[in-house]
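# Commentary on secondary and tertiary structure
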Amino acid sequence: MISTDSPKRFFSHTLTQVLTHKPVLRVSDAVQMQKEWSFAKTHPLLTGLYRRLFTMLSPEELVGHLQEVLETHEVNWQHVLSCMSTLVICLPEAQQLVKDWVARLLARAFENCDLDSMVTAFLVVRQAALEGPSVFPSYADWFQASFGSSRGSHCCSKKTLVFLFKFLSDLVPFEAPRYMQAHILHPPLVPSKYRSLLTDYVTLAKTRLADLKVSLENMGLYEDLSSARDVTEPHSQAHQDVEKAIAVFEHTGRIPSAVMEASIFRRPYYTAHFLPALLTPRVLPKTPDPRAALIESLRRADKIPLSLYSAYCQACSTAEEKKPESAAPGMKVEAVCAEGPLGPLAAALRELRAAMTDPTQYDVVAARVAVVSERLGAALGRAEEDGSSGGSQIQLSVLTPGLEQQEREVADLLLTCFCQNLIVASSFASPDRQGPWASRLVTAMCGRRLLPVVLTRLCQLLRHQGPSLSASHVLGLAALVVHLAESRSVLPEVRVGLPAPAEGLSVAEFFSSLLTFRTSETSLFCLKFCTAVISYSLCKYSSLSRDTLCSCLSPALVKKFQFIILRLFPEARDPLCPEDTADPPWRPLCRPSADWQQAALCLWKQRTFQELLKEKEFHLTYRDWLRLELEIQPEVDCLSDTERWDFQQWAIHEYFLPKPSAAGGCDGDLQVACAVLVDVLIDFRQSSRSHNYSENSDLVLSGCPGNRDIFSRLQEMAAGLEQGPGAPRSCSPPQGHFLFGVFRRRLQALASGWDVAARLQRQRELLVYKWILLGLPPSIVVGHPQAGRPAAPDCTEFFHLVNSELRNFSHGSALTHDLTVHFFRGLLSACSQSGDPSLTADLVLTACQTECPLVLTSALLWWPRLEPELRSRWRRCLQGPLPQELQRLWEAQRFGRSCLLPDTTSPAPGPAWLSAAALYFEIQRAGKDRVKSQLERLGCQGEELLVFLFFFSLMGLLSSHLTPHGRPRQAVDTPKALDICAEILGCLEKRRVSWLVLFQLTETGGGLGHVLLRLAPDQYVRLLPFAFYSLLSYFDEDALTREDAFLRVAVDMYLKLIRLFVAGETSALSTVASRSRERRGQGDPVGLITEARRLLLRSIPRCPKESFSNVAEVTRRRPLWRVCRRANESAVDTALPLRGQPGCAALAPWPLTCWAVVASFPVPRPQVSGGCTRLSTVGFLQLLATSEDCDPDVRAALLSRQQAGPDADLYREPRLF
């Protein structure tokens, strides 16, 4: 017998002869020419010889033999490097061995300054990187990983650094530009004291690039440095950059940062290449597309020269005129261009299909896939990069996925080939015996350039054309999805346009998100696709462990399969019999007459699949089921209304309710089931999915598709909780009603603050709460009777929601009509179940006076529409007259109405604020702005009432500023609201009634603040300083200065007004004012601050000394200084240009915030000379210049008034310095 060592020695000897045959090529030749020696470009006879020589040697022996030959022989570099390409292509086990060998070579090179080891390492790495990311990391990635950190061997000493840069410098005359660009843009890490070594190399490399007419400035904005191929021409790269920029702009709505940076720092490339590519003349669409929107955004940002933009518009007009003649020839040219590069790719794919007849010949399949990968670059019209697709994100638009014609043709060719290959392979072998062809081909699709194209095409097919796909397409695409999910750990995340989560999705999650259940057709397609994916996975990985199988399946897709099969097939809801152990139905699915529904049921009953469902990640939880059921559109559902009701009842009450929580159920707790449903419903109503089917995605939450029936189930369950045998009647549950518990938990998780984003998010959340609250029984609002007080329902949670949240989103001092009616309906419901209905109503409404007065003012506002229903229901159900507290509301409303009549005035019921609210709402309803004569008829009882009326008029004034003009809820506009305030203020001053207390409200104690602060949104309370000084021209200064509290209040309002201005909260007032011609000039905060300052400087000398006792406390407050200090950081760039202006030396101590505000003034800016200024509009800026938060002139006036008599100089123009 012949020993096995003999063939090995023969094969090793033969391989040595091949590698050392005619060693005429030098290292410099190999550096220049190795890109032509890749596997796909090597002659098939030579690669075939290598593959046969590899059969007797293990990967370890082959790598060791290569190392030995290179160390002991003169070699033919072409044969050595082409052998290396064949080795990493045909033997995947050798890839890691090559990486380890290169690491050893580098360590030896730097340890001994061994040039041969360095040369070998670089040539081997570059050759392996030529074969693509599925085989070896890109050269740029490897270079950065090896030399870009302090862990690299080059950082050991100066000697190793000199050795590295000497080697790189010696390569410069011979290597391709791409490698030098990678060295420059990802340079080795060098200690600062040796920085000159790097600088010298960079200079040399840039000089060489200039000689080759390759400029770093002309590199594309999104160019991939990981490619080791020839440099793309700037004009070709520019078109790629334009496509990428348009995609980013379409996704974010903003000009990409790379484009903005290029317009500043890379001006030559931006103007000479990017803009011409972007402004390619074309027939403009009637509705601006993303390209047109990006061009318009750049034009508005002054990033497109006017002449270039004008020429573009003229060329587009010309193209529009010539469209009929030139349209058809252009399409023919594109078709001819597209046919050229697709021919070689199609031929390579056909060769791959022929090689699949013998799955055991792995090296043959790998070789064919390598050729396909090589041909893909030419087919895409540009060099396909070597860079891995990992490390970045792919941006796609799910609703409007788009591809260029050439990209679509390439994607269709690849996907068609994959589907055909799968059907051919499945005809003679099951998936687990088909070999690695599918994995290898999918890996070739994962390049950085090709993967987005493939994913976009899959999105088009699965999301928008799924029901029209044939059975072979469904099977092929399902297998493709499985193999892409298998590689998800090395693939980038996918960010998609709406509807989608804010964060990126893995590839497996992305494919699952494409499957929807909106219509009967999409539901059936989802059933087919999920059946194919799961069946293929079970067959393909049947011999692997459970963990491996779980890692290859998408949990979301498995859950969707469970959902749709339980929904469509009542027999699937029955317990499975022990004998149901059918095999996965993959082979039956490949037959032309496949029964998909039977296959789905067969898969459902399959034992392996049922065992898989026991894994926690595959549990279809109650929350998952609700999310999927909410996506169903009832009008196009495959189930009838009755069938859908039966299914939902079964799912909730028979499947998920009794299920343990560990398995995704509710532990039999109906209240938990309701709480989860509410939580999911809120998420759905706020998600973009709820607006998929309509162009109107406003916050008006009505007619939202898909959730109508589910909300009906919530109503049924909530009614069961209220009326069932377990419903508590004697006491409130200690944790409160489940609905308010869900609201409370979600509100605590929201971001707090008064910025626009936080307010809008909170308002959107509260709109959904209100929608749910109004759809449930009104008894939820009023609550159950308290223990020990059977006549007093508990409204604590509703009161808390109103006071803490709904109050801040009310308009003025009232809730909306629907919410007000809902509360009183709940009150009547509670009264009907009480032994003493009148007492129950009186107790609840009395509690409202102190705990939630907004409910009562809301009732007064809507009383004309509320009263008929209240009286009718009370008479019908409860008999007798209205309770005392409801009668009080009627009397208050009658009083308000009578005050506006010329002859009679009814007495005002208590409390006074209630009568004042009724009177103000009547004034609003009547639309009168001259109410002085009616107010004068109020007797002595009217003094306290006038103070409260003044408060409500202030709220109306602020509401007129903050509410857009013409809104139905706004009864009066700003001028009328101001006149009403002035009339009431005049009455107060005439009666010498102090009203300053309204601007000193606090929650502490039992004063006015306890009630009034609960009647106004927090924003309105913060804007009271604006309302205070808006009435400045109506002040009786002589009378005010005689009041001890005036100076304290005026200074406090002045400082708070400036804080509002610095914090930007006055911008809402000025913005609304600028939109209305009538209001223009009324919301100017700067002018208001100026007038307020003048008032203070006039009033201080005239105030009695008693007024100064508490002013010092006000002027010592310092919160504004912290605001200014935070703002200084963002004001540096704006402030610095003013520093050099003449006469501004005295402004050096000013904080930068002041400079930013001065810089914002229109030209000419305030000029400073001689230490004085004539422009009082900038006087308030001095407040920002002192750590005491006090205007210097105001502070000086206060100190002077405290220490001496009146100073005549205070009446002159204030001195700033």
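All of these numbers come straight from a predicted model, not from anything done at the bench. (Residues numbered from 1 in each chain as written. Predicted model: local features only at pLDDT ≥ 70, side-chain atom pairs only at ≥ 80, totals over all residues. Heavy atoms only, no water.)

### Here's the deal with the overall build of the protein chain
Assigned secondary structure in the protein chain consists of 58 helices and 4 strands. Taken over 1217 residues, the protein chain has a buried fraction of 52%. Of the contacts formed within the protein chain by residues at least 6 apart in sequence, a portion of 77% connects residues at least 24 apart. Accessible surface for the protein chain amounts to roughly 53,300 Å². Of this, 54% is attributable to carbon and sulfur atoms. (Helix = DSSP H or I, 4+ residues; strand = E, 2+ residues; numbered from the N terminus. Buried < 20%, exposed > 50% of the residue type's maximum accessible area, 1.4 Å probe, protein only. Contact = heavy atoms within 4.5 Å. Areas by Shrake-Rupley, 256 points an atom, 1.4 Å probe, with all protein chains shown as cover.)

### Some points on the pattern of salt bridges
Opposite charge on two side chains makes pairing possible when the charged atoms of those side chains draw close. Throughout the structure, instances matching the rule amount to 38 salt bridges. In this structure, Asp170 and Lys166 form a salt bridge, with 2.8 Å as the shortest nitrogen-oxygen distance. On the criterion of helical spacing, the pair formed by Asp170 and Lys166 is a turn pair, its members being 4 residues apart in helix 9 (residues 158-171). Here Asp170 falls in the partly exposed class, since its relative accessible area comes to 37%. With its nearest N and O atoms 3.1 Å apart, the salt bridge here joins Arg1094 to Glu1091. With Arg1094 and Glu1091 both in helix 53 (residues 1085-1099) and 3 residues apart, the pair spans about one turn of that helix. Overlapping salt bridges bring together Arg567, Glu629, Asp637, Asp641, Arg644 and Asp709 as one network. (Salt bridge = Lys/Arg side-chain N within 4 Å of Asp/Glu carboxyl O.)

### Observations concerning the packing of helix 42 (residues 884-899) against helix 43 (residues 912-926)
At a closest axis distance of 8 Å, the pairing of helix 42 and helix 43 adopts a crossing angle of 50°. If you check the angle between helix 42 and helix 43, you find them oblique. Judged by the sense of rotation from one axis to the other, the crossing of helix 42 with helix 43 is right-handed. Each of Arg888, Leu889, Ala892, Gln893, Phe895, Gly896, Arg897 and Cys899 in helix 42 lies in contact with helix 43, whose residues at this interface are Leu914, Ser915, Ala918, Leu919, Glu922 and Arg925. (Axes fitted to C-alpha atoms, helices over the stretch in contact; angles between N-to-C directions. Parallel < 35°, antiparallel > 145°, perpendicular 65-115°, else oblique. Left-handed = near helix turned anticlockwise from the far one by under 90°.)

### A short note on the nonpolar core
Soluble, globular proteins show a tendency: their nonpolar side chains are buried together. Within the largest apolar cluster, 260 residues are counted, with the highest numbers of intra-cluster contacts made by Leu484, Phe510, Tyr622, Phe824, Phe950 and Tyr1029. Here the element with the most residues in this core is helix 45 (residues 942-962); it accounts for 13 residues. When sequence neighbours within four positions are dropped, the list of residues in contact with Phe824 reads Leu845, Val855, Ala859, Leu866, Leu870, Leu886 and Leu889. Counting 74 residues, the second largest nonpolar core, distinct from the first, contains Leu15, Val18, Phe136 and Ala176. (Core = buried A, V, L, I, M, F, W, Y, C linked by side-chain atoms within 4.5 Å.)

### Some details on helix 20 (residues 437-444)
Of all 8 residues that make up helix 20, 6 are buried, and the element is covered over most of its length. Those residues of helix 20 that sit buried are Trp437, Ala438, Arg440, Leu441, Val442 and Ala444.

### Describing the packing of aromatic side chains
Counting across every chain of the model gives 46 aromatic pairs. Aromatic side chains Trp625 and Phe656 sit 5.8 Å apart centroid to centroid with 40° between the ring planes, which places their arrangement in the tilted category. Pair noted here: Trp625 is in helix 30 (residues 622-630) and Phe656 is in helix 31 (residues 641-656), with a separation of 31 residues, a long-range link. The two residues Trp625 and Phe656 agree in class, both being buried. The lysine or arginine in question, Arg126, covers the ring of Tyr179, its NZ or CZ lying 3.9 Å from the ring centre. Arg299 extends its terminal NZ or CZ atom over the ring of Tyr309, reaching a point 5.6 Å from the ring centre. (Phe/Tyr/Trp six-rings, centres within 6.5 Å; stacked < 30°, edge-to-face > 60°. Lys NZ or Arg CZ within 6 Å of the ring centre and 35° of its normal.)

### A word on the packing of helix 40 (residues 853-861) against helix 42
Interaxial distance between helix 40 and helix 42 falls to 10 Å at its minimum, and their mutual angle equals 55°. When the interaxial angle is binned, helix 40 and helix 42 end up oblique. Regarding helix 40 and helix 42, the two cross each other, and that crossing is right-handed. Facing helix 40, whose interface residues are Leu856, Ala859 and Leu860, helix 42 presents Leu889, Ala892 and Gln893. Grouping the amino acids of the contact of helix 40 with helix 42 by side-chain chemistry returns 5 nonpolar, 1 polar and no charged. (Nonpolar A, V, L, I, M, F, W, Y, C, P; charged D, E, K, R; others polar.)

### Digging into the side chain of Arg449
Residue position: Arg449 is located in the loop between helix 20 and helix 21 (450-464). A polar side-chain atom of Arg449 sits 2.4 Å from a polar atom in the side chain of Glu407. (Polar contact = N/O pair within 3.5 Å; in protein donor to acceptor, adjacent residues only side chain to side chain.)

### With respect to helix 19 (residues 405-428)
Given a rise of 1.5 Å per residue, 24 residues ought to cover 34 Å, and the 35 Å separating the end C-alpha atoms of helix 19 matches this to within 8%. Three or more residues of helix 19 are buried, namely Glu407, Val410, Ala411, Leu414, Leu415, Cys417, Phe418, Cys419, Asn421, Leu422, Ala425 and Ser426. (Expected span 1.5 Å × (residues − 1).)

### Looking at the side chain of Lys303
Relative to the assigned elements, Lys303 resides in the loop between helix 15 (290-300) and helix 16 (306-321). Excluding residues that lie within four positions of it along the chain, Lys303 makes contacts with Met260, Ser263, Ile264, Tyr270, Leu275 and Leu298.

### Points about the environment of Gln610
Locating Gln610 in the fold gives a position in helix 29 (residues 607-612). Other than its neighbours up to four places away in sequence, Gln610 contacts Leu576 and Trp604.

### Observations concerning the pairing of strand 1 (residues 393-396)
Burial of the side chains of strand 1 is restricted to one face: Ile394 and Leu396 are buried, whereas none of Gln393 and Gln395 on the reverse face is. Relative to strand 2 (residues 493-496), strand 1 is paired through 4 bridges, and the arrangement is parallel. Each residue of the ladder has a partner; that of Gln395, found in strand 2, is Arg495. (Pairing = 2+ DSSP bridges.)

### Concerning unusual backbone geometry
Residue Gly910 is joined to Pro911 through a cis peptide bond whose omega torsion reads -5°. Structurally, the position occupied by Pro911 is in the loop between helix 42 and helix 43. Backbone geometry at Asp667 places phi at a positive 60°, although glycine is not the residue there. Tracing the backbone shows Asp667 in the loop between helix 31 and helix 32 (670-686).

### Some words on the state of the cysteines
Applying the stated rule across the entire model yields 0 disulfides. Cysteine Cys316 remains unbridged, with the sulfur of Cys313 as its closest cysteine sulfur at 6.5 Å. Its sulfur unpaired, Cys590 is 8.9 Å from the next cysteine sulfur, which belongs to Cys539. (Disulfide = S-S within 2.5 Å.)

### Looking at the confidence of the model for the protein chain
On average, residues of the protein chain carry a pLDDT of 79, and 78% of them reach 70 or more. Per-residue pLDDT stays below 50 along residues 1072-1081; that stretch engages in 16 contacts with residues further than four places along the chain or on separate chains. Across residues 1117-1190, confidence stays below pLDDT 50; counting only partners more than four residues off in sequence or on other chains, it has 122 contacts. (pLDDT = per-residue confidence, 0-100.)

### Examining the environment of Pro1104
Mapped onto the elements of the fold, Pro1104 is located in the loop between helix 53 and helix 54 (1111-1115). Judged by its relative accessible area of 23%, Pro1104 is partly exposed. If near-sequence neighbours (up to four positions away) are discounted, Pro1104 is found in contact with Thr1041, Arg1042 and Asp1044.

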